[in-house]
Amino acid sequence: MDKQDITKATTEALGRFGNAAHQAIDLYRNGGERIATIAGERWDTAFAQAKPQLDAETRKNATHAKDVFARYYSRAVALTADGAQIVVDTFVGATIAGVERVAAYKHA
C-alpha cells in the first residue's frame, strides 16, 4: 500500500465514522421527540383525572407549566443534537485535513 492508498482508506473511514455519528445523533433526536410525545400523553391523562379536583387557577398554572417544560425539553434536545452535529463535522473535517496534509508532506 502506498501513501495515496492509505490516505484514501483513512479519509473514507473517517467519512463512514461521520455518517454513523450523524445517524446516532438522528436517533437521539427522534428518541427525544418520542419521549416528549409519550410524556405529554401521560401528562394529559393524569391531568384529565385530576382536573375535577382542581380550581381554575391551578388548572391554568398546570397547563402553563406543562407548556413551558415541553418547550424547554424540545429546545434542549434540539440544541444538544445540533451541537453534536457541529462537533462531528468539525472533528471529521479537521482530521481529514490533517491526514491530507501529512500525506502531502514530503520529507526533505
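You'll find the structure just up there.
Residues numbered from 1 in each chain as written. Predicted model: local features only at pLDDT ≥ 70, side-chain atom pairs only at ≥ 80, totals over all residues. Heavy atoms only, no water.

S.K.: Sorry, what's going on with the pattern of salt bridges here?
M.R.: If charged atoms from side chains of opposite charge come close, those side chains can pair. Tallied over the entire structure, the rule returns 2 salt bridges. With a closest N to O distance of 2.9 Å, arginine 29 and aspartate 82 form a salt bridge. Taken as a pair, arginine 29 in helix α1 (residues 3-50) and aspartate 82 in helix α2 (residues 56-104) lie far apart in primary sequence, 53 residues in all. The class of arginine 29 is buried, set by a relative accessible area of 18%. Its relative accessible area of 37% is what places aspartate 82 among the partly exposed residues. (Salt bridge = Lys/Arg side-chain N within 4 Å of Asp/Glu carboxyl O. Helix = DSSP H or I, 4+ residues; strand = E, 2+ residues; numbered from the N terminus. Buried < 20%, exposed > 50% of the residue type's maximum accessible area, 1.4 Å probe, protein only.)

S.K.: Could you clarify how one ought to interpret the nonpolar core in this entry?
M.R.: For soluble globular proteins, nonpolar side chains are generally found buried alongside one another. In this structure, Leu14, Ala21, Ile25, Ala81, Val88, Val92, Ile96 and Val99 together form the largest nonpolar core, which totals 8 residues. Elements represented by at least two residues in this core include exactly α1 and α2. Once you skip the residues sitting within four places of it in the chain, isoleucine 96 turns out to touch Thr11 and Leu14. (Core = buried A, V, L, I, M, F, W, Y, C linked by side-chain atoms within 4.5 Å. Contact = heavy atoms within 4.5 Å.)

S.K.: Explanation requested: the packing of aromatic side chains in the structure shown.
M.R.: Any two aromatic rings considered together are summarised by their centre-to-centre distance and by the angle between their planes. By the definition in use, this model includes 1 aromatic pair. Ring geometry for phenylalanine 17 and phenylalanine 91: centres 5.9 Å apart, planes at 75 degrees, overall edge-to-face. Linking phenylalanine 17 in helix α1 with phenylalanine 91 in helix α2, this pair joins segments that are 74 residues apart in sequence. Here phenylalanine 17 falls in the partly exposed class, since its relative accessible area comes to 42%. (Phe/Tyr/Trp six-rings, centres within 6.5 Å; stacked < 30°, edge-to-face > 60°.)

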